[in-house]
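Take a look at the letters that make up each chain.
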Amino acid sequence: MGVLWKLEPATAAKHRLYQRYLDAWWPILLQTSQRTGYTRPRVTLLDAFAGPGRYEGGEPGSPVFILDRLLHHNAVERMHLSPQRVHLVFIEKDRARYEHLISELAGRFGPLDRLPVRVEVRRGEAGRDSLPLLTELGAWGHPILGIFDSWGSVNVPLEVMRRIACNRSSEVITTFGPNWFSRREELNAEVLDAVFGGRDHWRPAAEEARPDERWRAWLGTYRAALQRAGFGYQLQFQLVPRTGQPLYLVFGTGSDAGLKAMKEAMWKVDDRDGESFRDPRTRGAEAIGQLDLFQAGGALDPELQELVTQRLKLGSATVEALGRWLLTETARWMPTHALRAVRLMREDGSVVVQSAGKLTSKSQVGLPAAADAGSMLRRAPGS
């Protein structure tokens with residue numbers, strides 16, 4: 001691959017997701033708390049696969065739009081930017097792309113040492129150099145967002161994720177390219193051991209022979225790795241563009257606010273290119289773009305219906321508990337979707353309300369008795 005390359009549709013959609021998320025992330029971390037008056041002394045964003053800063057068609061790469069949207073954020077006056085307080089760290093391995101990135105940033109923003117934030121551009125490897133660089137910049141003990149956005153193989157050791165997970169108010173986003181799941185033979189076992197935390201963790205995914213289940217197995221394995229690393233919540237999702245190949249992302253956070261902000265960013269991403277975010281748990285539902293179909297004639301999104309059914313096969317739950325499960329376990333659904341989903345599913349008989357009175361967040365809901373019996377048969381001993 002040369003210094004510059006074409007911007008793929010899935011990457012463009014992913015960038016819009018990042019932009020929406022960062023638009024929420026920066027003020028959450030940088031504004032003074034109205035309740036306590038507390039201002040965080042330092043916040044660090046690490047883009048560990050930074051690239052050259054621009055694509056063949058002139059579109060900005062992640063370092064450029066990250067810096068641009070921060071400097072021109074509508075809340076910038078309340079975020080108290082300073083080079084001591086806000087660090088943007090960009091790592092690029094390839095020398096030509098590294099040099100192009102420095103030139104691109106300087107051409108867009110002027111001398112980097114005169115900006116109201118500290119911008120560090122380093123030539124290095126994400127897996128080897130991320131932790132030492134964060135140590136050098138005094139990032140530990142303060143919020144970090146680590147973006148590990150490699151188009152090719154993800155070879156960042158789990159120890160990097162573990163260190164960030166143990167750091168207060170910190171998050172990671174890891175991207176898997178479209179061919180990662182079909183090219184495992186190109187990575188040696190020692191690399192996979194480092195990425196997933198041991199051979200026993202990744203061997204079942206490597207043995208998955210069904211092509212359409214392979215990416216689900218690997219993505220779920222990585223999600224489990226982030227959980228072991230210490231992230232309280234992990235979102236896994238497939239980004240499906242109208243044209244071109246999909247991307248696969250896993251997001252790790254310990255914060256309810258971070259979890260909600262990421263999902264809200266998904267719902268705000270413009271679907272003019274026809275992209276959608278698909279939950280790996282669903283198999284029968286087609287990806288349909290980011291139109292909330294609750295507003296389109298009262299129809300129920302088939303993915304949401306499939307997910308609610310999957311959860312209720314494990315046992316009945318209150319609407320509130322179902323909403324919590326949607327928030328913490330599914331790719332894009334929010335707690336507010338639970339009540340509306342149950343209301344529509346009750347109308348067609350696919351769920352039953354087991355509590356008397358008006359349907360509320362405290363109502364107990366479950367599958368019809370016939371569905372429960374069928375579920376028990378499918379889960380009989382030996383199945």
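Chemist: Tell me about the overall build of the protein, and name the residues and values.
Modeler: Scanning the protein from terminus to terminus reveals 13 helices and 11 strands. Partitioning the contacts of the protein with sequence separation of at least 6, the portion at a separation of at least 24 is 71%.

Chemist: Residues and numbers for unusual backbone geometry, please.
Modeler: In this structure, His80 is a non-glycine residue whose phi angle is positive, near 50°. Relative to the helices and strands, His80 is located in the loop between α2 (62-71) and β2 (86-92). When its relative accessible area of 41% is taken as the criterion, His80 is described as partly exposed.

Chemist: An account of the sheet that holds strand β10 (residues 352-353) is needed here, citing residue identities and associated values.
Modeler: Ordered in space as β9-β11-β10, the three strands form an open sheet in which the pairing is antiparallel. Unpaired on one side and paired on the other, β9 (317-318) and β10 mark the two borders of the sheet. Where β9 meets strand β11 (residues 364-366), two bridges bridge the pair, whose relative direction is antiparallel. Looking across to β11, one finds that Thr318 is bridged to Gln364.

Chemist: Lay out the sheet that holds strand β7 (residues 247-253) in plain terms, naming residues and giving numbers.
Modeler: Spatially, β3-β2-β1-β4-β5-β7-β6-β8 is the arrangement adopted by the eight strands of the open sheet, whose pairing is mixed. Each end of this open sheet is capped by a strand with a single partner; those strands are β3 (118-123) and β8 (276-278). Neighbour to neighbour, the strand axes of the sheet diverge by 20° on average, direction disregarded. The pairing of strand β6 (residues 233-240) with β7 spans seven bridges and is classified as antiparallel.

Chemist: For the pairing of strand β5 (residues 171-176), give the residues involved together with the corresponding values.
Modeler: Within β5, six of the six residues are buried, which leaves it mostly tucked inside the rest of the structure. With five bridges joining them, β5 and β7 adopt antiparallel strand pairing. Of the residues in β7, the one forming a bridge with Thr175 is Leu249.

Chemist: Explain the packing of helix α5 (residues 158-165) against helix α8 (residues 211-229) to me, using residue names and the numbers behind them.
Modeler: How two helices pack is summed up by the angle between their axes together with the distance between the axes. Across the interface, α5 lies against α8 with an axial gap of 8 Å and an inter-helix angle of 50°. In terms of orientation, α5 and α8 fall into the oblique class. Considering how the two elements wind past one another, α5 and α8 form a crossing that is right-handed. On the side of α5, the interface is formed by Leu158, Met161, Arg162 and Ala165, while α8 contributes Tyr222, Ala225, Leu226, Arg228 and Ala229.

Chemist: Tell me about the pattern of salt bridges, residues and numbers included.
Modeler: Summed over the entire model, instances satisfying the criterion amount to 24 salt bridges. Among the charged side chains, a network of salt bridges with common partners joins Arg118, Glu120, Arg122 and Glu136.

Conventions and cut-offs
Residues numbered from 1 in each chain as written. Predicted model: local features only at pLDDT ≥ 70, side-chain atom pairs only at ≥ 80, totals over all residues. Heavy atoms only, no water. Helix = DSSP H or I, 4+ residues; strand = E, 2+ residues; numbered from the N terminus. Contact = heavy atoms within 4.5 Å. Buried < 20%, exposed > 50% of the residue type's maximum accessible area, 1.4 Å probe, protein only. Pairing = 2+ DSSP bridges. Axes fitted to C-alpha atoms, helices over the stretch in contact; angles between N-to-C directions. Parallel < 35°, antiparallel > 145°, perpendicular 65-115°, else oblique. Left-handed = near helix turned anticlockwise from the far one by under 90°. Salt bridge = Lys/Arg side-chain N within 4 Å of Asp/Glu carboxyl O.

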